[in-house]
Amino acid sequence: MRKRWMSLLATAVLVAGVLTPVSPAMAAPTFRVPFPCGQTWSGQTRSGHSPAYAIDFNRTDDVGDPVVASAPGTVDVVTNLGNTSYGKYVRINHGGGYTTYYAHLNGFNVSVGQTVGYGKVIGWVGSTGGSSGPHLHYEQRLNGSDIQVRFNGSLALYWGTKNYNSGNGCSSGTGSGTVDTSGTPLTVRSGPGTGYASVGTVADGAKVTIACQTSGTSVTGTYGTSTIWDRIGSGRFIADAYVYTGHDGYIPNVPRC
Ligand SMILES: [Zn+2]
């Protein structure tokens with residue numbers, strides 16, 4: 001009986017395994033250094049840190065310097081833990097299970113429920129909580145667990161200290177990309193969709209300047225399926241699914257059309 005029960009259990013587990021839908025992991029947000037555009041900060045990681053993958057940021061005379069949101073999201077914690085732990089800290093929820101933490105702040109510039117974008121000042125560097133000196137303690141988490149920090153898709157230095165240059169919240173500009181169709185010229189449309197008139201082509205491998213991006217019909221191309229369309233001239237749009245831009249989704253700092 002025991003044997004049969006075990007066998008049934010094994011079958012049940014197997015069936016459950018087959019039937020359980022596997023939800024694809026959502027692409028991580030493009031996180032940026034949590035300081036204003038153009039600034040350089042020294043970031044330190046160390047294995048004895050808690051949690052392990054957090055980064056402590058410093059620069060000369062940094063008390064009171066602004067701290068900015070490292071990606072768009074919604075502020076979901078603005079709390080003062082007093083003289084312990086994070087002290088005054090902010091958490092931003094970026095969706096898809098991703099959150100970021102900004103601790104030991106001097107003060108707050110946001111409130112719970114507020115929507116923030118790149119470069120939004122959320123508070124100021126301080127030394128509150130269990131801090132031995134002014135610095136920003138910064139974390140990226142996925143589903144509550146701390147993860148190795150990435151800025152603009154690049155892994156932070158583990159372990160050690162290095163300088164990080166901020167490209168966060170820099171003024172809007174144009175983007176660039178390279179068309180990759182594996183041979184066939186890419187059709188240029190008069191609007192952001194396959195239903196718009198063809199107004200020409202761009203060759204495979206061509207470099208394009210992207211003035212703005214917008215949402216249109218869904219296209220499956222070299223870089224997956226996307227509804228993003230890139231405007232490469234007046235009345236000239238191409239499907240972003242065929243353009244290498246270095247970014248999944250919209251290019252940070254390139255405006256919406
Ligand atoms: Zn720390």
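As the structure is a prediction and not an experimental result, all values here were calculated from the model.

The subject of this paragraph is the overall build of the chain. Along the backbone of the chain there are 1 helix and 22 strands. Relative to its full complement of 257 residues, the chain shows a buried share of 39%.

What follows covers the pairing of strand β1 (residues 40-45). Here β1 shows a buried face lined by Trp 41, Gly 43 and Thr 45 and an unburied face lined by Thr 40, Ser 42 and Gln 44. Note that β1 and strand β14 (residues 160-165) share 6 bridges and pair antiparallel. Residue pairing for β14: Gly 43 is matched across the bridge by Lys 162. As judged from the 3 bridges shared by β1 and strand β2 (residues 55-58), these two strands associate in the antiparallel manner. Bridge pairing in β2 places Gly 43 opposite Phe 57.

Right, let's get into the pattern of salt bridges. Within the structure shown, the criterion is met by 4 salt bridges. The partner of Asp 56 in a salt bridge is Arg 46, with the nearest N and O atoms 3.0 Å apart. Of the two residues, Asp 56 sits in strand β2 while Arg 46 sits in the loop between β1 and β2, which places them 10 residues apart along the sequence. With relative accessibility at 8%, the residue Asp 56 sits in the buried group. Look at Arg 46 and you get partly exposed, because its relative accessible area is 33%. A salt bridge links Arg 59 to Asp 65; its shortest N-O distance comes to 2.9 Å. Note on Arg 59: relative accessible area 31%, which makes it partly exposed. Accessibility expressed as a relative area gives 12% for Asp 65, which makes it buried.

Here the focus is the sheet that holds strand β15 (residues 175-179). Within a beta sheet, neighbouring strands are joined by backbone hydrogen bonds and run either parallel or antiparallel to one another. With antiparallel pairing, 3 strands are arranged side by side in an open sheet as β18-β15-β22. Two strands close off the open sheet at either side, each with one partner strand: β18 (207-210) and β22 (243-244). Relative to β22, β15 is paired through 2 bridges, and the arrangement is antiparallel. Residue pairing across strands places Thr 178 opposite Tyr 244, the latter belonging to β22.

Analysis parameters
- Residues numbered from 1 in each chain as written.
- Predicted model: local features only at pLDDT ≥ 70, side-chain atom pairs only at ≥ 80, totals over all residues.
- Heavy atoms only, no water.
- Helix = DSSP H or I, 4+ residues; strand = E, 2+ residues; numbered from the N terminus.
- Buried < 20%, exposed > 50% of the residue type's maximum accessible area, 1.4 Å probe, protein only.
- Pairing = 2+ DSSP bridges.
- Salt bridge = Lys/Arg side-chain N within 4 Å of Asp/Glu carboxyl O.

Read these as spatial facts, not as claims about activity.
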